[in-house]
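# Geometric and topological summary
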Amino acid sequence: MDLLDDARALQGDLVQLRRVLHREPEVGLDLPRTQERVLEALDGLPLEISTGTNTTSVTAVLRGGRRSVDAAQTVLLRADMDGLPVTEQTGLDFAAQNGAMHGCGHDLHTAALVGAAQLLSRHRDHLAGDVVLMFQPGEEGWDGAKVMVDEGVLDAAGRRADTAYGMHVFSCQKPQGRFFSKAGTLLAASYKLTVTVRGAGGHGSSPSTARDPITAMAEMITSLQTMITRTFDVFDPVVVTVANVQAGSRHNIIPDDARFEATVRCYSPATYEKVPAALRRVLEGVASAQRVEVDVTVAPEFPMTINDGDEVAFGAEVVSDLMGEDRYETVTHPMAGSEDFSYVLQEVPGAFIGLGACMPGADPAAAPMNHSPRAQFDDAVLADAATIYAGLAVRRLDKARSDNAAVAAGSDAR
């Protein structure tokens, strides 16, 4: 099989699909037009297709022609499909006009997995097992992967998937076409911190007659940063970013209440367990000192995305074999973003792999980042992404078949 040549023949169709998806992004768990586009693109392929009950997901199962009925291995490949509630400012001729945006590259993920479905279907007779294609809504904060796991995507082939792979494009940081990953924690766990400060309002000219929630809130925000450096190991970091602050109505009125929200990221299970109590201790301490009350909610969002070491090494080998050794990089540190593919990797060993999709001529270090209204992704990477999706499945199933044969031969020899 020459997957790369076959994928390059599909490049034009994949670009067209990606741009159709990009023009009409949908947000959350309900993506009816996106689901329709994916089903149209998969129509006619030898797939067992089902759709979600609680979300507009698409699950497609491909049965390999060389599968062993008694010991069929299953590989799951995942692409997320949802956009962001961001107004696009790229100026592209296929830019979205509906107030949403594929600002995280999920349109590329979807098109690439459709390409992998076409490649794998074309070479179905050579597949030594089954492949589950997981087209997922609601990655951007909606727990879409967990919804699909709960609905049985991991067992869609009739048995639990043995391995799972996901991929994510980046508009910056890495050169175009560079694949990268690492063993262990690749992406952070996250909490959403919501804090409401309750004081007693008054006239801005006489703050001593009120209990000012704004000054208390300001102290809380700065104290959180100090607490992080004095509580957690610098080599096992925690990130707290306050990104939403609400208080007051006029410049001379002290309000009764103030509110802020923050995202909190960490990288190890031990630190993840310690974070909520540490946050509450500081916030409640400042509230007591400032004579205000505080309501604190620390809501878990996503667990850490933890790659299996063997599967990452296998993925690196596949990329190097199919694309060349210079196309794969082992990164040293995890990234601070979070991903709900983590729910899949909690259940099934696998790997999440990044892919640089920086625009030609752009400096990866300075290009707008994913989630920016100006983020752009080079769809020239689509054939390569489809090749790696398909190659991971083909070679992982071949490896499982070979390993099973070696075990059987050893048993017969005994």
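Thresholds, definitions, all that
Residues numbered from 1 in each chain as written. Predicted model: local features only at pLDDT ≥ 70, side-chain atom pairs only at ≥ 80, totals over all residues. Heavy atoms only, no water. Salt bridge = Lys/Arg side-chain N within 4 Å of Asp/Glu carboxyl O. Helix = DSSP H or I, 4+ residues; strand = E, 2+ residues; numbered from the N terminus. Buried < 20%, exposed > 50% of the residue type's maximum accessible area, 1.4 Å probe, protein only. Core = buried A, V, L, I, M, F, W, Y, C linked by side-chain atoms within 4.5 Å. Contact = heavy atoms within 4.5 Å. Domains from an automatic or database assignment. Buried area = accessible area lost by both parts, 1.4 Å probe. 1 Å grid on protein atoms, 1.4 Å probe; cavity = no way out; pocket = protein on both sides within 12 Å on 5 of 7 lines; lining within 4 Å. Points joined across faces, edges and corners; volume = space filled by probe spheres on them. Nonpolar A, V, L, I, M, F, W, Y, C, P; charged D, E, K, R; others polar. Axes fitted to C-alpha atoms, helices over the stretch in contact; angles between N-to-C directions. Parallel < 35°, antiparallel > 145°, perpendicular 65-115°, else oblique. Left-handed = near helix turned anticlockwise from the far one by under 90°.

### A few points about the pattern of salt bridges
- Scanning the entire structure with this criterion turns up 25 salt bridges.
- Between Arg63 and Glu48 there is a salt bridge; the shortest N-O distance is 3.0 Å. Taken together, the positions of Arg63 in strand β2 (residues 58–63) and Glu48 in strand β1 (residues 48–51) put the pair 15 residues apart, joining distant regions of the chain.
- Its relative accessible area of 19% is what places Arg63 among the buried residues.
- Between Asp321 and Arg395 there is a salt bridge, and its shortest N-O distance comes to 3.0 Å. Placement of Asp321 in helix α7 (residues 309–323) and of Arg395 in helix α9 (residues 382–413) is noted, with a sequence separation of 74 residues between them.
- Classification of Asp321 as partly exposed rests on a relative accessible area of 47%.

### Notes on the nonpolar core
- Core analysis: the largest hydrophobic core is formed by 63 residues, its most contacted members being Leu42, Leu77, Leu120, Leu133, Phe135 and Phe179.
- It is α9 that provides the largest number of residues to this core, a total of eleven residues.
- The residues contacting Leu133, other than those within four sequence positions of it, are Leu47, Val58, Thr59, Ala60, Leu77, Leu113 and Ala117.
- Ranked by size, the runner-up nonpolar core spans 32 residues in total, among them Cys266, Val275, Ala287 and Val294.

### Examining the domain arrangement of the protein
- The assigned domain composition of the protein is domain 1 (3–187 + 304–409) and domain 2 (189–302).
- Each of domain 1 and domain 2 has a C-alpha centre, and the two are 37 Å apart.
- Contacts between the two partners involve 15 residues from domain 1 and, on the opposite side, ten residues from domain 2.
- Together, the buried faces of domain 1 and domain 2 total about 900 Å²; carbon and sulfur atoms form 63% of this surface.
- Taken as a group, Met304, Ala336 and Ser338 account for 59% of the area that domain 1 buries against domain 2, more than any other trio of residues on that side.
- At the boundary of domain 1 with domain 2, the tally comes to zero salt bridges.

### A closer look at empty space enclosed by the protein
- Under the criterion given, the structure shown has two cavities of 30 Å³ or more.
- Computed from the structure, the largest cavity encloses a volume of approximately 40 Å³.
- Forming the walls of the largest cavity are Leu108, His109, Ala112, Met167, Val169, Leu355, Val381, Leu382, Ala385 and Tyr389.
- For the lining of the largest cavity, the secondary-structure elements that each account for two or more residues are α3 (106–122), β5 (163–170) and α9.
- When the residues that make up the lining of the largest cavity are grouped by side-chain class, the tally is nine nonpolar, one polar and no charged.
- By volume, the second largest cavity is sized at about 30 Å³.
- Looking at the second largest cavity, the residues that line it are Val20, Leu21, Glu24, Arg33, Thr34 and Arg37.
- Of all the secondary structure elements, the ones that give two or more residues to the lining of the second largest cavity are α1 (3–23) and α2 (32–42).
- Looking at which element gives the most residues to the lining of the second largest cavity, the answer is α2, with three residues.

### Some details on the packing of helix α5 (residues 213–231) against helix α6 (residues 269–289)
- The N-to-C vectors of α5 and α6 enclose an angle of 140 degrees; their axes lie 9 Å apart at closest approach. On the basis of the axis angle, α5 is oblique to α6. The handedness of the crossing between α5 and α6 is right-handed. Contacts from Ala216, Glu219, Met220, Ser223, Leu224, Met227 and Thr231 of α5 reach α6 at Lys274, Ala278, Leu279, Arg281, Val282, Leu283, Val286 and Ala287.

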